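Observations on the model geometry
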Amino acid sequence: MKQLLKVDGLHLRFGGLQVLNDLSLTVREGQIVGLIGPNGAGKTSCFNCLTGIYQPQGGRVYFDGRDVSHLPTHRRARRGMARTWQNLGVIDSLTVTENVMLAQHQRAGYSALAGMLGLAGTWHRERELRRDAAEIIEYFGLDGVADERAGELPYGVRKTCDMAMALATDPRLLMLDEPASGLSPEEALGLSTTLRELRDRLRLTILMIEHHVPLVAEVCDYVYVLNFGELLTEGEPEAIQRHPEVIAAYLGGTAESPAEPEAADDDTVQFASEPPEWPLMAEGKSNGTA
Ligand SMILES: Nc1ncnc2c1ncn2[C@@H]1O[C@H](COP(=O)(O)OP(=O)(O)OP(=O)(O)O)[C@@H](O)[C@H]1O
């Protein structure tokens with residue numbers, strides 16, 4: 001599988017705070033890759049560097065074999081890098097359809113001024129975009145709320161709208177920032193079906209920040225673990241769940257003696273204490289805390 005995203009030695013500092021320290025990772029085409037780590041580990045900052053929102057002091061980002069480190073956010077998006085937001089990218093005062101169409105506009109193919117003036121050709125393209133938006137909305141099961149203002153919809157529905165908006169940019173790489181946060185445990189696990197479908201039917205590659213371990217274990221091919229801005233370890237989800245340093249990072253303590261894991265009925269561990277969204281799970285068990 002070819003490398004779609006390659007991150008090479010990112011360094012990011014805010015004043016005296018080293019947020020990312022020599023972070024490197026690779027996402028291959030067709031993979032679903034997880035980026036996990038305790039609160040404040042630098043996951044969202046990493047996404048911000050990948051999308052060009054933050055300009056790191058060192059390191060390079062390559063997308064589809066090209067160095068995109070110097071490109072602004074909208075040009076990276078045009079190349080096929082899309083993201084969702086931890087705190088939702090939807091505009092509350094717009095309807096679901098309007099939000100999706102707004103997201104589509106970077107690939108509209110005409111200037112905002114041409115659109116405003118209704119110049120020849122724009123109305124035809126606009127109709128195409130509206131049709132595409134309707135398909136995306138239907139795909140995500142949002143057709144029943146397409147004309148509702150996003151701000152009036154439940155949180156889970158707005159999250160789905162956020163994902164529909166990312167898809168509307170016609171991406172190759174979808175970067176999801178905590179897609180399961182705020183969802184019920186059932187909704188969160190249902191996401192795994194959606195994510196696999198996005199990969200298998202639409203041939204998307206997915207990099208996702210997520211604390212919901214059953215979802216990560218269920219859907220990710222590979223996982224990177226960040227701690228204090230550095231790569232702690234990487235590997236397949238099963239190995240990550242049993243990794244002593246990962247356990248120690250989430251619980252405090254040391255790799256040799258991580259604090260207080262609860263006994264489980266196999267060789268994985270479950271934690272009753274903080275952080276609630278990272279109890280390492282025996283496969284298929286629900287912790288009810290997501
Ligand atoms: N713009 C900024 N200015 C100053 N500090 C920042 C900025 N953005 C992030 N940080 C700091 O960088 C560190 C990493 O934050 P980041 O949000 O990337 O972590 P995270 O792993 O995504 O955490 P969480 O799981 O809680 O979302 C934190 O200490 C945060 O306060």
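Residues numbered from 1 in each chain as written. Predicted model: local features only at pLDDT ≥ 70, side-chain atom pairs only at ≥ 80, totals over all residues. Heavy atoms only, no water.

Observations regarding the overall build of the chain
Check the secondary structure of the chain and you find 10 helices and 10 strands. Accessible area for the chain stands at about 13,700 Å²; split by element, carbon and sulfur atoms hold 49% of it. (Helix = DSSP H or I, 4+ residues; strand = E, 2+ residues; numbered from the N terminus. Areas by Shrake-Rupley, 256 points an atom, 1.4 Å probe, with all protein chains shown as cover.)

A look at the pattern of salt bridges
Side chains bearing opposite charge may pair, as long as their charged atoms lie close to each other. On inspection of all chains with the given rule, the structure shows 10 salt bridges. Measuring nitrogen to oxygen at the nearest pair gives 3.4 Å for the salt bridge that ties Glu197 to Arg201. Here Glu197 pairs with Arg201, and both are found in helix α7 (residues 185-202), just 4 residues apart, close to one helical turn. Among the residues examined, Arg201 registers a relative accessible area of 59% and is labelled exposed. (Salt bridge = Lys/Arg side-chain N within 4 Å of Asp/Glu carboxyl O. Buried < 20%, exposed > 50% of the residue type's maximum accessible area, 1.4 Å probe, protein only.)

Re the nonpolar core
Within the largest apolar cluster, 43 residues are counted, with the highest numbers of intra-cluster contacts made by Phe140, Leu174, Leu195, Leu198, Ile206 and Met208. Among the elements that make up this core, the one with the highest residue count is helix α6 (residues 155-168) (7 residues). Aside from chain neighbours lying at most four places away, what touches Leu198 is Tyr139, Phe140, Met163, Leu167, Leu174, Arg203, Leu204 and Ile206. One finds Leu35, Ala41, Leu173 and Tyr224 within the second-largest nonpolar core, a separate group that totals 28 residues. (Core = buried A, V, L, I, M, F, W, Y, C linked by side-chain atoms within 4.5 Å. Contact = heavy atoms within 4.5 Å.)

A closer look at helix α1 (residues 43-51)
Of all 9 residues in α1, 8 are buried; the element is thus mostly enclosed. Backbone geometry just downstream of α1 places Gly52 in the positive-phi region, at approximately 90°.

A word on the pairing of strand β7 (residues 173-177)
Of all the 5 residues making up β7, 5 are buried; the element is thus mostly covered by neighbouring parts of the structure. What you see with β7 is no split at all: Leu173, Met175 and Asp177 on one side and Leu174 and Leu176 on the other are buried throughout. Strand direction decides the pairing type here: strand β6 (residues 81-83) and β7, joined by 3 bridges, are parallel. Across the sheet, Met81 pairs through a bridge with Leu173, a residue of β7. (Pairing = 2+ DSSP bridges.)

Focus: the sheet that holds strand β8 (residues 205-209)
The strand order across the open sheet built from 6 strands is β6-β7-β8-β3-β9-β10, with neighbouring strands paired in mixed fashion. The two strands at the open ends of the sheet, each matched to only one other strand, are β6 and β10 (230-235). Pairs of neighbouring strands in the sheet enclose a mean axial angle of 20°, with direction left out of account. Where strand β3 (residues 32-36) and strand β9 (residues 222-227) come together, 4 bridges link them in parallel fashion. From the neighbouring strand, Ile36 faces β9, where its bridge partner is Val225. (Axes fitted to C-alpha atoms, helices over the stretch in contact; angles between N-to-C directions.)

Some thoughts on the site of the ligand
Close to the ligand lie 15 residues, the nearest being Gly40, Lys43, Thr44, Ser45 and Tyr54. At 2.8 Å, a backbone N or O of Gly40 approaches an oxygen atom of the ligand. Between an oxygen atom of the ligand and a main-chain N or O atom of Ala41, the distance comes to 3.0 Å. For the ligand, the accessible surface in isolation is 630 Å², of which the surrounding protein chains cover 64%. Going through the elements one at a time, β2 (17-28) and α1 are the ones with two or more residues in the shell around the ligand. When the residues that make up the shell around the ligand are grouped by side-chain class, the tally is 6 nonpolar, 7 polar and 2 charged. (Near = heavy atom within 4 Å. Polar contact = N/O pair within 3.5 Å; in protein donor to acceptor, adjacent residues only side chain to side chain. Nonpolar A, V, L, I, M, F, W, Y, C, P; charged D, E, K, R; others polar.)

Structural notes on the packing of aromatic side chains
One pass over the structure, following the stated rule, counts 3 aromatic pairs. Centre to centre, the rings of Tyr222 and Tyr224 are 5.4 Å apart; their planes meet at 65°, and the pair counts as edge-to-face. Residue Tyr222 is classed as partly exposed on the basis of its relative accessible area, which comes to 23%. (Phe/Tyr/Trp six-rings, centres within 6.5 Å; stacked < 30°, edge-to-face > 60°.)

Thoughts on unusual backbone geometry
Positive phi values are uncommon outside glycine, yet Asp22 reaches one of about 55°. Structurally, Asp22 can be placed in strand β2. A relative accessible area of 49% places Asp22 in the partly exposed class.

Regarding the confidence of the model for the chain
Across the chain, pLDDT averages 82, with 79% of residues at or above 70. In this model, residues 261-290 is a region of pLDDT below 50 whose contacts with residues beyond four sequence positions or in other chains number 59 contacts. (pLDDT = per-residue confidence, 0-100.)

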